[in-house]
Amino acid sequence: MHDISGLFPAHESLGAVSVERAIAELRAGRPVMLTETAVRLLVYPAEQLDSHAADSLARIGGARLILSEQRLGRLGVERDGPGLIALPDVNLDRISALILDEDARIDSPVVPPIPAEEAALDLLRLAHLLPAALLIRLDAPVAGLNEVAGCDIRAFRARKITSLRLIGRAPVPLEGAPHSEIAVFRGGEGLRDQAAVIVGEPDLSGPVHVRLHSACLTGDLFGSLKCDCGDQLRHTVKFMAENGGGVILYLDQEGRGNGLATKIRAYGLQAKGYDTYDADEILGFGLDQRRFGYAARMLDLLGVTRVRLMTNNPKKIEALRAAGLEVSDQRIQGRPTPHNIHYLATKRDRAGHLLDVDVPTAED
Ligand SMILES: Nc1nc2c(ncn2[C@@H]2O[C@H](COP(=O)(O)OP(=O)(O)OP(=O)(O)O)[C@@H](O)[C@H]2O)c(=O)[nH]1
Ligand SMILES: [Zn+2]
């Protein structure tokens, strides 16, 4: 047998590798096996279910659906945590209604999960999939399934922070900020490489203007009027270019960390009148899935220790302080539009964002 351990990055634990493999499997619509002490669980992402997979799960037998506390609440079951529902016949339409429909209700008993089952939900969140999994307890290993341990899922985010590394940096002149550089990082909990935009030549010995910007394909790239992201991003570049430079971390946290597909589903619900947080809750998510620990690590790798954080989001300020950075903050607001005004007001009213928003009343 050859020893191939040297082919794995020294700082990367095998546990983190198995979580990454499991994420790739689930995103491709394949099951994984989750283990925890004596428990073995087959995990299948509910949103990927098709009739083939449903038949196959029904033949194995004993399938249950685990849903988050938020989703259960929407289905009419108040609980302090996730819960499981038995699925004797693995019916595709019923499962689809249980994970997606805004009017579905539960009429069967809901039981609390064991830690392994709860870890399956975390794994789906890490994979940017809906937090809803079909689970079957297995009494023997199954050939061909990637295996992942519950404890490695729980340790994943923290471990990945230390594996983050700078891959390279190069000048990229930007509109309004010709002296800019882009630095690319790999690792962290994101599924893709992360970029830092270094605008101008910030003095790293003093407080540096920093923005943690969560990816927003619709707003950043296409100028969607539904949010303030694209506007904030371009304002930030301009502001930094005119005010001594700064660093923008462009984080792989599309849709507040829920992923692009979930955000677009949430937009579908918003088109029916739900606000941004209610729409996410219908899909099983809490207020905000994002963690910013790895952003602090990116700043550390760039040599930044004191930060003037350009944000309205108190969570970002707290997260960088918790990671040991010295943080003062500065507001950066996108333009209100008739399309985003309620979104901005909702962030202020429901998540404590420090925004100045004047929502016109019906009479205005
Ligand atoms: N789930 C969900 N995500 C959204 C929605 N609208 C925008 N987003 C995402 O929300 C995130 C906004 O990120 P940021 O611009 O970093 O901002 P923020 O938390 O509002 O904080 P600051 O802009 O720093 O004040 C992006 O990942 C967007 O894709 C929505 O309606 N639902
Ligand atoms: Zn946006």
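Just so we're clear, the structure is a prediction, and the values are computed from it rather than from any experiment.

**Observations regarding the site of ligand 1**
Thinking step 1. Around ligand 1, the surrounding shell holds 22 residues, and the nearest of these are Ser 214, Cys 216, Thr 311, Asn 312 and Asn 313.
Thinking step 2. Contributions of two or more residues to the shell around ligand 1 are made by β10 (208–214), α8 (229–242), α9 (260–270) and α10 (276–282).
Thinking step 3. Classifying every residue of the shell around ligand 1 gives five nonpolar, eleven polar and six charged.

**Re the sheet that holds strand β2 (residues 39–45)**
Thinking step 1. Across the sheet, six strands lie side by side as β4-β3-β5-β2-β1-β6; this open sheet has mixed pairing. Each edge of the sheet is formed by a strand with only one pairing partner; in this case those strands are β4 (83–86) and β6 (146–149). Pairs of neighbouring strands in the sheet enclose a mean axial angle of 35 degrees, with direction left out of account.
Thinking step 2. The strands that helix α6 (residues 150–163) touches are β1 (32–36) and β6; relative to β6, the one it contacts most, it runs at about 70 degrees.

**Topic: the UniProt feature "binding site: GTP" (unreviewed entry) in the protein chain**
Thinking step 1. Here the UniProt-annotated "binding site: GTP" (unreviewed entry) positions come out as Arg 211, Leu 212, His 213, Ser 214, Ala 215, Gln 232, Glu 254, Gly 255, Arg 256, Thr 276, Thr 311 and Lys 316.
Thinking step 2. Tracing the chain through its elements places Ser 214 in strand β10.
Thinking step 3. Under the C-beta neighbour-count criterion, Ser 214 is labelled buried, with 21 such atoms within 10 Å.
Thinking step 4. When residues no more than four places from it in sequence are discounted, the contact partners of Ser 214 are Leu 251, Gln 253, Arg 256 and Arg 290.
Thinking step 5. Relative to the assigned elements, Thr 311 resides in the loop between β12 (306–310) and α12 (314–322).
Thinking step 6. Residue classification places Thr 311 among the buried positions, given that 22 C-beta atoms sit within 10 Å.
Thinking step 7. When sequence neighbours within four positions are dropped, the list of residues in contact with Thr 311 reads Arg 211, Leu 212, Lys 316, Ile 317, Asp 329 and Ile 332.

Reading the values: the criteria
Residues numbered from 1 in each chain as written. Chains lettered and ligands numbered in written order. Predicted model: local features only at pLDDT ≥ 70, side-chain atom pairs only at ≥ 80, totals over all residues. Near = placed C-beta within 6 Å. Helix = DSSP H or I, 4+ residues; strand = E, 2+ residues; numbered from the N terminus. Nonpolar A, V, L, I, M, F, W, Y, C, P; charged D, E, K, R; others polar. Pairing = 2+ DSSP bridges. Axes fitted to C-alpha atoms, helices over the stretch in contact; angles between N-to-C directions. Contact = placed C-beta atoms within 7 Å. UniProt positions renumbered as here; feature names shortened; annotations may be inferred. Buried ≥ 20, exposed ≤ 12 C-beta atoms within 10 Å, placed from the backbone.

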